Amino acid sequence: MITFFVLLSIFFFPIISAQGEWHLLHASVGISAMHMQLLHNDKVVIFDRTDFGSSNLSLPPHLCRHDPHDLALQTDCTAHSILYSLPTNTFRPLNVQTDTWCSSGSLLPNGTLAQTGGFNDGDHVLRMFSPCDADDGNCDWVEFPGYLSERRWYASNQILPDGRIIIVGGRRQFNYEFYPRSSNLYSLDFLRETSDVDENNLYPFLHLLPDGNLFIFANTRSISLDYKRHRVVREFPPIHGGEPRNYPSSGSSVLLPIIETQAVQAEVLVCGGAPPGGVSAARGGNFLSASRTCGRLKVSDENPNWVMEEMPIPRVMGDMLILPTSDVIIINGASSGTAGWEAGRSPVTTPVIYRHSGDVDDTDRFSVMSGSEIPRMYHSSAVLLPDGRILVGGSNPHVYYNFTNVVYPTELSLESYSPPYLSPSFSSIRPQILSLNKNIRYGRPFLVFFNLCEYRINDGVLSANIIAPSFSTHAVAMNQRMVVLRAERVMKVAGNRYRLSVVAPSRPEIAPPGYYMLFLVHSDIPSHGVWVKIH
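Residues numbered from 1 in each chain as written. Predicted model: local features only at pLDDT ≥ 70, side-chain atom pairs only at ≥ 80, totals over all residues. Heavy atoms only, no water.

Draft legend 1. Main features of the pattern of salt bridges. For the structure on display, the rule yields 23 salt bridges. Across the pair Arg221 and Glu235 runs a salt bridge whose closest N-O atoms are separated by 2.8 Å. Residue Arg221 is located in strand 19 (residues 221–226), and its partner Glu235 is located in strand 20 (residues 231–236); the two are separated by 14 residues in the primary sequence. Look at Glu235 and you get partly exposed, because its relative accessible area is 43%. Here Arg489 ties to Glu488 by a salt bridge, and the two come within 3.9 Å at their closest N and O atoms. You can call Arg489 partly exposed: its relative accessible area is 47%. Exposure remark for Glu488: the relative accessible area of 42% places this residue in the partly exposed category. (Salt bridge = Lys/Arg side-chain N within 4 Å of Asp/Glu carboxyl O. Helix = DSSP H or I, 4+ residues; strand = E, 2+ residues; numbered from the N terminus. Buried < 20%, exposed > 50% of the residue type's maximum accessible area, 1.4 Å probe, protein only.)

Draft legend 2. Focus on the pairing of strand 7 (residues 81–85). Burial within strand 7 is extensive, with 5 of its 5 residues counted as buried. The alternating pattern of strand 7 places Ser81, Leu83 and Ser85 on one face and Ile82 and Tyr84 on the opposite face, and all of these are buried. Direction of pairing for strand 4 (residues 43–47) relative to strand 7: antiparallel, over a ladder of 5 bridges. Within strand 7, the residue paired with Val45 across the bridge is Leu83. (Pairing = 2+ DSSP bridges.)

Draft legend 3. Quick look at unusual backbone geometry. A cis geometry characterises the amide bond from Tyr179 onward to Pro180, with omega recorded as -5°. One can find Pro180 in the loop between strand 15 (175–179) and strand 16 (186–187). Residue Tyr247 is joined to Pro248 through a cis peptide bond whose omega torsion reads 5°. Here Pro248 shows up in the loop between strand 20 and strand 21 (252–255).

Draft legend 4. Molecular detail of the sheet that holds strand 16. On the basis of which strands lie adjacent, the open sheet formed by 4 strands has the order 13-14-15-16 and antiparallel pairing. At either end of the open sheet lies a strand with only one pairing partner, and these are strand 13 (156–159) and strand 16. Of the pairings in the sheet, the one linking strand 15 to strand 16 comprises 2 bridges and is antiparallel in character. Looking at strand 16, one finds that Tyr176 is bridged to Tyr186.

This is the structure we're talking about:
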């Protein structure tokens, strides 16, 4: 089926500077955005936790949550989750029943959010949220108490090539399990070995590698896990410097884009974190400077070694997202302290864009962008949107909602950051996708019709990039992935209209089945993303 698109700009983008622009979307959405997941119907599921009392958003009349195990309110008529609509910039409350505090999630191949674990009565719970084609207010959470084999609090998830989800770790959980569940629980001594006096191995970084194995990074160490045979097939060198990178020292990580136009390689980027002892120091009121370093590891090399670089700003609790251009943005966080209650200081409100490819000197890879007026500290989050903006929310470094008499008040606001590529000055060289087949099969060619006013044939490559939407929380963007597809030929159809022949990802180890945003990028300027389903 060929689908045609009329691209309407719902939001007005003023002139965007070379450092990008911030826009306040809502001064309050009633909850603090601790977790976020973009869905393929251009809605974003956002949720907090249930065990801190009332939020600032009421549930619909006569709808309350009754939970005898709740630590704050056994009867609560306020919402702790919302559904935010990108096209209309509106939101409505959702009714989550059990505690989602510090939980994890992944999208299933059909677009349903499978959300796992949390705290207290939520730590063994599987929750599902299925997007509605026409949101009539009936889409809501469906919960399955006791579904998980073990407590999953601060665990990480990754969708696999066969559509299953692996759920790894959590507080004092040195094991992993799968959804759909089996009768088995699998131990992973690596998680026990990487737990230090401050833990620093929670929310481990997971990346599905092109060879089908799972890269796992915890604290300072990393392995490749064959989750089918349940054995570690490789341990990589520890990252240089000895600085812990996982919660609560909370650096961030991405798998750099997989490029199908050349021999496939896998390279991991890890940035930020805290110095050894930083967590204990912060608990005592001594907020040490965060890590300034990033490490890159080509895990597909025969003898991989970390290559270290320095960010212009030290950062802990930063969210790291892949942009449509294949650059990486690092956003939110602090420059001293760690994650945890009242444990961070010196907010970093300026994003940094990291250019990992091309002939660029190390000193020129990082570009500092314009800053927000709102600190985004512990329990903030960020996701990439189909129009190329970054949605940013949350920040609550307190046990409860605290708006006064604290260093960093609880943030209920929602804002967006527009990178420089969204400037209207690039409109003549920005592709506009007109039509394509939205259902694409592995290894099969498909056509993308697009409009482009000024096609700069000699000014670089026109690329087709797909990005999997991430589940974002605690500086971890689970399931995030970009694949640069093989573009075979461009043909001019008429006027400014062109046709691009593209080959879908070769296999599910490259791109697991499900929904992706497809962007055309011309002269480093991306189109609006269009949803495609890969199977």
